[in-house]
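This is what each chain is made of:
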Amino acid sequence: MSEWWTYTLSDLLMFSARSYHRLFELYNQDIWPAQIVALLAGLAMLAGAVGGGARPSRIAALLLGLAWLWVAWAFHLERYAAINTAAPWFAAGFVLQGLMLLWMAAKPMPRLLRFNASPISWLGLGLVCLAVGAYPLLPIHEGRYQTQGEVFGVAPDPTAVATLGILLLMRARWPMWVVPVAWCAISGAIQMELRVPLAWLPVTAAALATGAWLVRRSVLSSTVDSRT
């Protein structure tokens, strides 16, 4: 028996790209019309991100928290676990992220959404738009059935990407970033191994968001140092 460190990702994946996309098709059929509710929630969150303020901030954190918990149960545990033995671990991460977002929504002084037309704000808003508006249409670009689309709030990738955008606008602290960034990296790696055409998308979104967060943190630190 080979040692564990000799295994590659392809040795651990027991499904094909066709099975992966078929999983989303069956999932979408089973939960319909939850996608419509999720999209409306995404649009409400997007409008709140532009306007900013305490109430939209709480609503955004609440909606995202519920979305992460839904995906943990309805997708990872109920569907993805049938083809990927790591899915329960993914579900645990999604539950953790969902609870942290709900805690953020319940705080007496929530972190506020701030869209100030800066490049970082535009990036955050763009990630939310990508997740809510573009992700469901990706199958068309890849020549697949529209029924295999991934919808924000009920599918993991657009939910994680939208969360990264909101976290940028909220200037959230680093613990909130760990799970979304980790998921984008894991999902991207799996899809690259499956030769999915747009496998780079979640990885790129996570890299851009993380880079923007680090730049802003560096700028803020420099500003504080210059004042002392």
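Below, the structure is looked at part by part. (Residues numbered from 1 in each chain as written. Predicted model: local features only at pLDDT ≥ 70, side-chain atom pairs only at ≥ 80, totals over all residues. Heavy atoms only, no water.)

Observations regarding the packing of helix α4 (residues 54-77) against helix α5 (residues 87-106)
Part 1 of the argument: Two elements in contact, α4 and α5, have axes whose closest approach is 8 Å; the angle formed by their N-to-C orientations is 165°. When the axis of α4 is compared with that of α5, the two are roughly antiparallel. In terms of crossing hand, the pair formed by α4 and α5 is left-handed.
Part 2 of the argument: Partitioned by chemical class, the residues of the contact of α4 with α5 number 21 nonpolar, four polar and one charged. (Axes fitted to C-alpha atoms, helices over the stretch in contact; angles between N-to-C directions. Helix = DSSP H or I, 4+ residues; strand = E, 2+ residues; numbered from the N terminus. Parallel < 35°, antiparallel > 145°, perpendicular 65-115°, else oblique. Left-handed = near helix turned anticlockwise from the far one by under 90°. Nonpolar A, V, L, I, M, F, W, Y, C, P; charged D, E, K, R; others polar.)

Details of the environment of P108
Part 1 of the argument: Relative to the helices and strands, P108 is located in the loop between α5 and α6 (119-134).
Part 2 of the argument: Overall, the relative accessible area of 72% leaves P108 in the exposed class.
Part 3 of the argument: Taking the C-alpha atoms as reference points, P108 and C184, separated by 76 residues in sequence, lie 30 Å from one another. (Buried < 20%, exposed > 50% of the residue type's maximum accessible area, 1.4 Å probe, protein only.)

With respect to the packing of aromatic side chains
Part 1 of the argument: A complete count under the given rule lists 14 aromatic pairs for this structure.
Part 2 of the argument: Ring centres 6.2 Å apart and planes at 15° place the aromatic pair F15 and Y20 in the stacked group.
Part 3 of the argument: Taking the relative accessible area as the measure of exposure, Y20 reaches 3% and is therefore buried.
Part 4 of the argument: For the ring pair F94 and W183, a centre distance of 5.4 Å and an interplane angle of 85° mean the geometry is edge-to-face. (Phe/Tyr/Trp six-rings, centres within 6.5 Å; stacked < 30°, edge-to-face > 60°.)

Topic: unusual backbone geometry
Part 1 of the argument: Cis geometry is adopted by the peptide bond preceding P33, which originates at W32 and carries an omega value of 10°.
Part 2 of the argument: Even without a glycine there, the phi angle at A117 is positive, about 65°.
Part 3 of the argument: As for its position among the elements, A117 is in the loop between α5 and α6.
Part 4 of the argument: The backbone of R171 shows a phi angle near 55°, a positive value even though the residue is not glycine.
Part 5 of the argument: On the secondary structure map, R171 appears in the loop between α8 (156-170) and α9 (175-193).
Part 6 of the argument: For R171, a relative accessible area of 34% puts it in the partly exposed group.

Some details on empty space enclosed by the protein
Empty space among the atoms can be located by rolling a probe the size of a water molecule over them.
Part 1 of the argument: Across all of its chains, the model carries one cavity of 30 Å³ or more by this definition.
Part 2 of the argument: Its volume calculated, the largest cavity comes out at about 100 Å³.
Part 3 of the argument: Taken together, 13 residues make up the lining of the largest cavity; nearest its centre are Y135, L138, R144, E150 and Q191.
Part 4 of the argument: Counting only elements with at least two residues in the lining of the largest cavity, the list comes to α7 (138-142) and α10 (200-227).
Part 5 of the argument: Looking at the lining of the largest cavity, its residues break down into seven nonpolar, two polar and four charged. (1 Å grid on protein atoms, 1.4 Å probe; cavity = no way out; pocket = protein on both sides within 12 Å on 5 of 7 lines; lining within 4 Å. Points joined across faces, edges and corners; volume = space filled by probe spheres on them.)

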